[in-house]
Amino acid sequence: MSSIIKSSTKIFSEVPISLGERSYRILIGANLLADGGVWEGVPESHHAVIVSNSTVAPLYSDVLRNAISSRYAQVHEVRLPDGEEFKNWQTLQTIFDVLLQKGCDRKTILYALGGGVVGDMTGFAAACYMRGIPFVQVPTTLLSQVDSSVGGKTGINHPLGKNMVGAFYQPQRVVCDLSVLTTLPQREFSAGLAEVIKYGPIADMQFFTWLEDKIEAVMAQHPEALAHAVCRSCEIKAEVVGLDERESGLRAILNFGHTFGHAIEAGLGYGIWLHGEGVGAGMVMAAELSCRLGLVDEIFVKRLMSIIDRAGLSVKGPILDSKDNAGRYLQLMRGDKKSEAGEIRFVLIESPGKAVVRSAPDRLVREVIDACCS
Ligand code: NAD
Ligand code: GLY
């Protein structure tokens, strides 16, 4: 459970991630970037490198640099191009180029300042550089604060599949400054809400009911509502990751909606639909499949569709192929990391608040895709 902490200047919540010697803390609160207190205990060294992108760096890298500069002799910066389409080998290489050009040693610490794309790539760079250097996640999108910065999944995309090359590698700390979300475009905020919504059906229907009541307040970034949404999401993720760090079983439930969602992202070309937008429509398809398998009723599916719609997300998936749309989805989903021997494994809702990973007959999946795309 989270606890409320007072640092030298600010009040924030703390969610622990318990992973033995890889344990760390998620700190959540307003105006945290500039607060010296939240960085206490992060490793000190000669070099620190802020890895960000061309959109986020101009907004926040000076604030972060000022807050951490007393801990390092040199603070360098890498600015990556902005976009999911740049989450690849070529961009990763530019991080290594700077680290080597600046003489960064194996005590160097990386700060990932940005959304999930920057976080996933920086974490992977940290996992690989000199066989592993420490890094800190400073997530600046809602999606990255409630999901991608937590739990140590890092990596890049391959043209043939999303997040197909990567490593499990845990950060030293995650600092979620809620104030930076004020500059996030509304479309990105809505995409992040998809990952918040997912925690209800898979783990906590009380949280889902709370969200049904407060979704407009969260979207308006009312401080208490936003803080609760981020904290509860992080608590649920922390619990799941603490039980199954490397996804040998349980952790797969965090991918509710992602099997269909990844197919949408890859099928349209990365960056056309945002990750969270694919997850939103993907959750509807996974819920509909659960319903047609007799696991949940139509009322549950309608509740889920309603909140996804109120979050500003599409409840329908796009047409990926005008001739055989369901066939194209199936083809893309067979490449999903959860697939086993070509059999697609779906995260389904066994009963509201409880997820299960299982296969389903192609015929039924086709029916669901036909019903849920337009
Ligand atoms: P993103 O990183 O592309 O950020 C979205 C956009 O918002 C970008 O244009 C970015 O520059 C901009 N931005 C970020 N912070 C901002 C701010 N405070 N103000 C203004 N603009 C800002 O997208 P995302 O949704 O954060 O992350 C999606 C990525 O996360 C995907 O690649 C997905 O695969 C990955 N992901 C990883 C995990 C994991 O467990 N590692 C989980 C979920 C998603
Ligand atoms: N976002 C899914 C996971 O972290 O496992």
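This text goes with the structure placed above it.
Every chain is numbered on its own, with residues counted from 1 as its sequence reads. Labels are handed out in written order, letters beginning with A for the chains and numbers beginning with 1 for the ligands. Per-residue local features are limited, in this predicted model, to residues with pLDDT of at least 70; the limit for side-chain atom pairs, both in listing and counting, is 80 or more; totals at the level of whole chains, interfaces and linings are taken over all residues. For the side-chain quantities, the full set of heavy atoms in the structure was used; hydrogens and water were omitted.

### Examining the nonpolar core
- Ranked by internal contacts, the top residues of the largest apolar core, which has 104 residues, are W39, Y111 and M333.
- By residue number, the principal contributor to this core is helix α7 (residues 223-243), which donates 10 residues.
- In this analysis, two residues are considered to be in contact whenever any of their non-hydrogen atoms come within 4.5 Å of each other. Excluding anything up to four places from it in sequence, M333 contacts T259, F260, A263, S339, I344, F346, V365 and I369.
- For this analysis, a nonpolar core means a set of buried residues of the types Ala, Val, Leu, Ile, Met, Phe, Trp, Tyr and Cys, connected via side-chain atoms within 4.5 Å. The buried label goes to any residue with under 20% of its type's maximum accessible area, the exposed label to any with over 50%, and the partly exposed label to all in between, with areas taken from a 1.4 Å probe on protein chains only. With 19 residues, the next largest nonpolar core counts V78, L80, V98 and L110 among its residues. Secondary structure is summarised from DSSP: a helix means a run of H or I of at least four residues, a strand means a run of E of at least two, and numbering begins at the N terminus for each.

### Concerning helix α11 (residues 325-333)
- Every buried residue of α11 is accounted for by N325, A326, G327, Y329, L330 and M333.
- Contacts from the buried residues of α11 go to α8 (258-268), α9 (275-292), β11 (346-351) and α12 (362-372).

### Overview of the site of ligand 1
- The full set close to ligand 1 counts 28 residues, and D82, E84, T140, T141 and T183 are the nearest of them.
- Two N or O atoms count as a polar contact when they lie within 3.5 Å, although within protein this holds only if one can serve as hydrogen donor and the other as acceptor, and sequence-adjacent residues are included solely when both atoms are side-chain atoms. The contact in question runs from an oxygen atom of ligand 1 to an N or O atom on the side chain of K87, over 2.8 Å.
- T183 places a polar side-chain atom, nitrogen or oxygen, 2.7 Å from a nitrogen atom of ligand 1.
- Here the Shrake-Rupley method, with its probe set to 1.4 Å, supplies the accessible areas, and only the displayed protein chains count as covering residues. Taken by itself ligand 1 offers 870 Å² of open surface, and the protein chains cover 91% of this.
- Mapped onto the shell around ligand 1, the elements with two or more residues apiece are α1 (57-68), α3 (116-128), α4 (142-148), β9 (161-168) and α5 (186-203). The near set for a molecule or strand comprises every residue that places at least one heavy atom within 4 Å of it.

### Some remarks on the packing of aromatic side chains
- Between 30 and 60 degrees the pair is tilted, below 30 it is stacked and above 60 it is edge-to-face, where a pair is any two Phe, Tyr or Trp rings, Trp via its six-membered ring, whose centres lie within 6.5 Å. Taken as a whole, this structure holds seven aromatic pairs when the rule is applied.
- Each ring, one from W39 and one from Y111, has its centre 5.8 Å from the other, and the planes form 70°; the classification is edge-to-face. Taken together, the residues W39 in the loop between β3 (24-29) and β4 (45-53) and Y111 in strand β6 (residues 109-114) connect sequence positions 72 residues apart. We note that W39, like Y111, is buried.
- Between F96 and Y129, the ring centres sit 6.4 Å apart and the planes meet at 15°, which makes this aromatic pair stacked. With F96 in helix α2 (residues 89-101) and Y129 in the loop between α3 and β7 (135-139), this pair connects stretches of sequence that are 33 residues apart.

### Looking at the pairing of β11
- Here the rule is simple: two strands pair whenever DSSP picks up at least two bridges between them. Here β11 pairs with strand β12 (residues 354-358) via five bridges, running antiparallel. Opposite S351, over in β12, you have K354 as the bridge partner.
- The antiparallel pairing of β11 with β12 creates a hairpin that spans two residues between the two strands, and G353 there sits at a positive phi of about 100°.

### Some remarks on the pattern of salt bridges
- Between Lys or Arg on one side and Asp or Glu on the other, a salt bridge is scored when a side-chain nitrogen of the former is within 4 Å of a carboxyl oxygen of the latter. Enumeration over the complete set of coordinates arrives at 25 salt bridges.
- For D204, the salt bridge goes to R232, with nearest N and O atoms at 2.8 Å. You can see D204 sitting in the loop between α5 and α6 (205-219) and its partner R232 sitting in helix α7, a full 28 residues away along the chain.
- The exposure class assigned to R232 is buried, which follows from its relative accessible area of 18%.

### Considerations on helix α10 (residues 298-310)
- Expected helix span is taken as 1.5 Å per residue step, with the number of steps being one fewer than the number of residues. Across its 13 residues, α10 extends 18 Å between first and last C-alpha, which sits within 8% of the 18 Å expected from 1.5 Å per residue.
- The set of residues buried in α10 consists of F300, V301, L304, I307 and I308. Each buried residue of α10 lies within a common arc of 135° when the element is viewed along its axis, so the set occupies one face. Exposed residues pointing more than 90 degrees away from the buried face of α10 are listed as E298, I299 and K302.
- With its phi angle positive at about 85°, G312 sits one or two positions after the end of α10. Note that the arc is computed from the directions linking the helix axis to the C-beta atoms.

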